[in-house]
Every structure is written in C-alpha cells, then in structure tokens.
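Below are the chains, spelled out letter by letter.
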Amino acid sequence: MRLITDRLLLRPLRPGDEADVLAYRGRADVSRYLESEPMTPGDVEGFIAERATATSLDKDGDRILLAAELDGHVIGDVRLRAGRLEDAQGELGWVFHPGHHGRGYATEAARALMRLGFEDLGLHRVWAQLDPRNKASARVCERLGMRQEALLIEESRFKGEWGDLAIYALLAREWTSTRK
Ligand SMILES: CC(C)(COP(=O)(O)OP(=O)(O)OC[C@H]1O[C@@H](n2cnc3c(N)ncnc32)[C@H](O)[C@@H]1OP(=O)(O)O)[C@@H](O)C(=O)NCCC(=O)NCCS
C-alpha cells in the first residue's frame, strides 16, 4: 500500500519510524483533542507494530493507517477506519507534527485516502468526527468538501469534562460530482 501525492509519500508505518512518530504523537498539544494521551517512548514500538499491517478493509472494524512521509521523515499519519463492511462507511482521521502545520499536508494526505476509499474501495460515505473546538481539524473537513451533519452537545466525557462532538461527511455521489 503506497499512495503518492503531489508532495507526500503515504505508506504503512514500519520499524524505524519511532523517533519521527514520537516527535508528534508524544506532544501534549497534538493530543489535546485526541482520545489518547501523549505517547511515551515506551508506547511507540507497540503503536507502530500494531498499525504496520493496517493496510486494508477486509473485515468489520479494519483500518488503513498510513504514514505521511516528507523528505524521508514521517511528519504525520492518516487513517481510514471501517465500521460494518456492509455499510460501506469509512472514518477518516489525521494527526500531523505542528512543525508541518499550515501547509496543506493533512488535507493532501486525507484527500488521497478519501480517493482510495471512494474510487478503489467502493465506500458509500466517508466521515469524520471531531471536537468542535478543534478548528484546524474542522477546516480540513471543509477543504475536503465534507458537510457538517451534526453537532452533539456534551455527548461524552472527554479528558475530565463534558465533550461536544461534530460529525462531518461526504457521500460517494458528492465526491463524484465534484470531480466532473
Ligand atoms: C488537524 C491538523 C492535522 C490540521 O493541520 P493543518 O496544518 O491546519 O491542516 P493542513 O495540513 O491541511 O494545512 C491547511 C492549512 O495550510 C494552509 N496552506 C498553506 N499552503 C497550502 C497548500 N499548498 N495547500 C493547501 N493548504 C495550504 C491552508 O490555508 C490551511 O490554513 P488554515 O487552516 O489556517 O486556513 C493538525 O492541527 C493536527 O495534527 N492537530 C493535532 C491532531 C488532531 O487534533 N487531529 C485531529 C483529530 S479530530
């Protein structure tokens, strides 16, 4: 599984990526709106091992997780997670190093994964969920052409407080029509 975009190589995580992954997933600012806490040096090897083979959606709950490589370094990762395969839905997610924010890399990587989902995997709907305070992530959704479908108020406990949740999505026919 390798996807090449204008500026990035998207490929599975692999042993050797530990320092690059820890450099962003180990940061408190990066995990502010993630369910996970900042990664520790002890976590990173297992994190990579668990995801290195996440390259296809063959059964319910499978995910594709790809490292975004720029100039030989992993600067972030994107994932597409299936629910029930028969629903043909894919949930997108993205995490990038702050040193590489503001250049469009997350949108570029996510768009490649969205294209894979719609055009190669036959997904019917691609969606994302995020904390609405995460404005940068909401803007990624908007740049991808997704529409906000829901804003759930205080629907869960998130890091010790009530958390809101925004849902964004795009249907396959909407993806196709924007390409015409
Ligand atoms: C969410 C996250 C990936 C967004 O990163 P980002 O840098 O804002 O998004 P992109 O890489 O797509 O860059 C887009 C920005 O680059 C700008 N940009 C500059 N050059 C660009 C180019 N060539 N192409 C596209 N955009 C470009 C855009 O204008 C945009 O800026 P704006 O949002 O201020 O309008 C990042 O904030 C992050 O990793 N956060 C921590 C993890 C996280 O919260 N993940 C999401 C959980 S739901």
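For the structure, check the block above.
This is a predicted model, so every value here is computed, not measured.

Enquirer: Help me out: how do you make sense of the packing of helix α3 (residues 105–120) against helix α5 (residues 172–179) in this one?
Expert: As a packed pair, α3 and α5 sit with axes 10 Å apart at the nearest point and diverge in direction by 115°. Taken together, the axes of α3 and α5 lie roughly perpendicular to each other. Helix-helix and strand crossings are classified by hand; for α3 and α5 the assignment is left-handed. On α5, the residues that touch R111, M114, R115, F118 and E119 of α3 are A172, W175 and R179. A per-class count over the contact of α3 with α5 returns four nonpolar, no polar and four charged.

Enquirer: Where do I start with the sheet that holds strand β2 (residues 9–12) in this structure?
Expert: Strand-to-strand pairing in sheets goes through backbone hydrogen bonds, with the strands running parallel or antiparallel. If you walk across this open sheet you meet the eight strands as β1-β2-β3-β4-β5-β6-β8-β7, and the pairing is mixed. Looking at the sheet topology across the chains shown, the edges are occupied by β1 (3–4) and β7 (147–158). In this structure, β1 lies alongside β2, joined through two bridges in antiparallel fashion. If you follow L3 over to β2, its bridge partner there is L10. Docked against the sheet, helix α1 (residues 18–25) engages β4 (73–82) and β5 (89–96), running at close to 75° with respect to β4. Running at roughly 165° to strand β6 (residues 125–130), helix α4 (residues 135–143) makes contact with β5, β6 and β8 (161–171) of the sheet.

Thresholds applied
- Residues numbered from 1 in each chain as written.
- Predicted model: local features only at pLDDT ≥ 70, side-chain atom pairs only at ≥ 80, totals over all residues.
- Heavy atoms only, no water.
- Axes fitted to C-alpha atoms, helices over the stretch in contact; angles between N-to-C directions.
- Helix = DSSP H or I, 4+ residues; strand = E, 2+ residues; numbered from the N terminus.
- Parallel < 35°, antiparallel > 145°, perpendicular 65-115°, else oblique.
- Left-handed = near helix turned anticlockwise from the far one by under 90°.
- Contact = heavy atoms within 4.5 Å.
- Nonpolar A, V, L, I, M, F, W, Y, C, P; charged D, E, K, R; others polar.
- Pairing = 2+ DSSP bridges.

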